[in-house]
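# Fold and contact review
Now for the letters of each chain:
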Amino acid sequence: MLILAIESSCDDTAAAVLEDNHRVLSNVISSQFDVHAKYGGIVPELASRCHIEAIWPVVSEALATAEVSLADIDLIAATRGPGLVGSLLVGFTFAKAVALVNNIPCTGVDHMAGHLLAIMLEENRPDFPYTALVVSGGNTSIFTVTGTTKFILQGRTRDDAAGEAFDKVAKLLDLGYPGGPVVSDLAEKGNPKAIAFPRAWLADDSLDFSFSGLKTSVVNHVNRCRQKGEPVAFADICASFEQAVVDVLVEKTILAAKNCGHKRVVIGGGVAANKKLRNQMAERCREEGLDSFIPSPVFCTDNAAMIGLAGYYQFAGGATVGPDTDAYSRSPLN
Ligand code: KG4
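Residues numbered from 1 in each chain as written. Predicted model: local features only at pLDDT ≥ 70, side-chain atom pairs only at ≥ 80, totals over all residues. Heavy atoms only, no water.

This next bit is on helix α7 (residues 212-228). Over its 17 residues, α7 runs 24 Å from end to end, which matches the ideal 24 Å to within 8%, given 1.5 Å per residue. Taken as a whole, α7 has its buried residues at L214, K215, S217, V218, H221, V222 and C225. Taken around the axis of α7, the buried residues stretch over an arc of 160 degrees, which confines them to a single face. Those residues of α7 that are buried are in contact with α5 (162-172) and α8 (234-260). Downstream of α7 by a residue or two, G229 has a phi angle that is positive, lying close to 75 degrees. (Helix = DSSP H or I, 4+ residues; strand = E, 2+ residues; numbered from the N terminus. Expected span 1.5 Å × (residues − 1). Buried < 20%, exposed > 50% of the residue type's maximum accessible area, 1.4 Å probe, protein only. Arc of directions from axis to C-beta. Contact = heavy atoms within 4.5 Å.)

For the structure shown, the criterion picks out five aromatic pairs. Their ring planes at 80 degrees and their centres at 5.0 Å tell us that F166 and F241 sit as a pair that is edge-to-face. One end of the pair, F166, is in helix α5; the other, F241, is in helix α8, and 75 residues separate them in sequence. Across the pair, F241 and F166 agree in class, each one buried. (Phe/Tyr/Trp six-rings, centres within 6.5 Å; stacked < 30°, edge-to-face > 60°.)

This paragraph deals with the pattern of salt bridges. According to the stated counting rule, one finds 12 salt bridges in the structure shown. Where E19 meets R23, a salt bridge forms, and the shortest distance between an N and an O atom there is 3.3 Å. Since its relative accessible area comes to 32%, E19 is described here as partly exposed. Across the pair E164 and K168 runs a salt bridge whose closest N-O atoms are separated by 3.1 Å. (Salt bridge = Lys/Arg side-chain N within 4 Å of Asp/Glu carboxyl O.)

Turning next to the site of the ligand. Near the ligand you find 19 residues, and of these G137, D167, G180, G270 and D302 are the closest. The separation between an oxygen atom of the ligand and a polar main-chain atom of G163 is 3.1 Å. A distance of 2.7 Å is found between an oxygen atom of the ligand and a side-chain nitrogen or oxygen belonging to D167. With respect to the pocket detection grid, the ligand is positioned in the largest pocket. In terms of residue count, the dominant contributor to the shell around the ligand is helix α6 (residues 179-187) (four residues). Partitioning the shell around the ligand into residue classes produces four nonpolar, 13 polar and two charged. (Near = heavy atom within 4 Å. Polar contact = N/O pair within 3.5 Å; in protein donor to acceptor, adjacent residues only side chain to side chain. 1 Å grid on protein atoms, 1.4 Å probe; cavity = no way out; pocket = protein on both sides within 12 Å on 5 of 7 lines; lining within 4 Å. Sits in = over half its atoms within 2 Å of the grid points. Nonpolar A, V, L, I, M, F, W, Y, C, P; charged D, E, K, R; others polar.)

Strand β7 (residues 140-147) sits mainly inside the fold: seven of its eight residues count as buried. Two elements, strand β6 (residues 130-135) and β7, share six bridges in a ladder whose sense is antiparallel. When the bridges of β7 are listed, L133 appears paired with I142. Where β6 hands over to β7, the hairpin turn is made up of four residues, counted between the paired strands. The pairing of β7 with strand β8 (residues 150-156) spans six bridges and is antiparallel. When the bridges of β8 are listed, F143 appears paired with L153. Linkage of β7 to β8, two consecutive antiparallel strands, is achieved through a turn of two residues. (Pairing = 2+ DSSP bridges.)

Considering only enclosed or pocket space, the largest pocket measures out at about 1,400 Å³ in volume. Lining the largest pocket are 50 residues, and of these C10, S136, G137, G138 and D167 sit closest to its centre. If you list the elements that add at least two residues to the lining of the largest pocket, you get β3 (23-31), α4 (111-117), β7, α5 and α6. Top contributing element to the lining of the largest pocket by residue count: α5, with six residues. Along the lines of polarity and charge, the residues of the lining of the largest pocket split into 13 nonpolar, 24 polar and 13 charged. Here the second largest pocket defines a volume of roughly 190 Å³. In terms of lining, the second largest pocket is formed by 13 residues, of which the most central are D110, A113, F151, Q314 and L333. Going through the elements one at a time, β5 (106-110), α4 and α11 (305-316) are the ones with two or more residues in the lining of the second largest pocket. (Points joined across faces, edges and corners; volume = space filled by probe spheres on them.)

As a further point, take the pairing of β5. The element β5 is largely enclosed, with a buried count of five among its five residues. The side-chain alternation of β5 yields two buried faces, one formed by C106, G108 and D110 and the other by T107 and V109. Bridge analysis of strand β4 (residues 75-81) against β5 gives five bridges, and the strand direction is parallel. Of the residues in β5, the one forming a bridge with T79 is V109. Where the polypeptide runs from β4 across helix α3 (residues 85-102) and back to β5, its parallel neighbour, the crossover connection is right-handed. (Right-handed = clockwise from strand over helix to strand, strands pointing away.)

Turning next to the sheet that holds strand β2 (residues 12-19). Consider a sheet: its strands pair through backbone hydrogen bonds, and that pairing is either parallel or antiparallel. Taking strand neighbours across the sheet as the criterion, the five strands line up as β3-β2-β1-β4-β5 in an open arrangement whose pairing is mixed. What marks the edges here is a single partner per strand, and that holds for β3 and β5. Pairs of neighbouring strands in the sheet enclose a mean axial angle of 20 degrees, with direction left out of account. The sheet contact formed by strand β1 (residues 2-7) and β4 spans four bridges and is parallel. Bridge pairing links I3 to L75 in β4. Here helix α2 (residues 44-66) sits on the sheet in contact with β1, β2 and β3, set at roughly 25 degrees to β2. (Axes fitted to C-alpha atoms, helices over the stretch in contact; angles between N-to-C directions.)

Below is the structure:
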């Protein structure tokens, strides 16, 4: 089965062609970093317009790279939600229209399901069940995954997502957008123990997250330095902030796995591209006798290959969409 997958939930226009569930024949991503960088964050209306311009070239390139044409495609899978509705509508409507005109079945995929299953695009795949942390610009949640379409929420952020906190700290320090990669690059030059930023553990057994207090703490620290005329140690701030985020993400994920008696831990989402998180998660899992499964960075950040994979399983379960099916901004999984 050949699948054309489309992802446009936020600021990346992406298309991929998959053969069956695992074989990625092409994976094309057009990013809008340059458009949004000067605003220090995503401007939704600009994102939608960029998707409109990019969607057909990106899909054409994905088909050409895979050396197939629309006539060869057996299924179109597109992100239905969650995300920015204007952005989602471009990819999802495009997918439904192309499917209708070419008489190809179409399935609408939950973006979170893509992140939860992205690890299956790798050669080393976990068996079910596993504990999965999805950590991106819009979500920070822990799930139990018991099958290709079975996801049970264990905990979620009560305020900001971890990626959002990275982006806001980068904006505060005027480091540019997107914040995650710049903050983590700078963090490598700093001391993670330099500043004792708070870790929001919440209740002892809570699997929920909160990053707004940490963000405020960074703001207060920077303001204090500026008021006292002291230099703002950018690298130390980034390293200490990153350490505070990673400690909480790792320990809560391990707690969730132990509570459920799972032996396998998976991570996904844009922040899962963070080196410190990848290394610390792998090391702590080893110490706890758990197996960790971490996708390549290209399958962590937004991509259409993971949407094709999740769409394959959804379609196998009989889920298709029609021309009237709407996109949604909030995930029913979360
Ligand atoms: O999954 P994603 O590509 O888009 C969605 O939010 O759905 O994630 C983007 C988020 C942004 O907040 C970005 O700053 C963060 O992931 N990110 C990182 C890194 N790379 C991307 N955060 C920390 N370290 C990174 N290396």
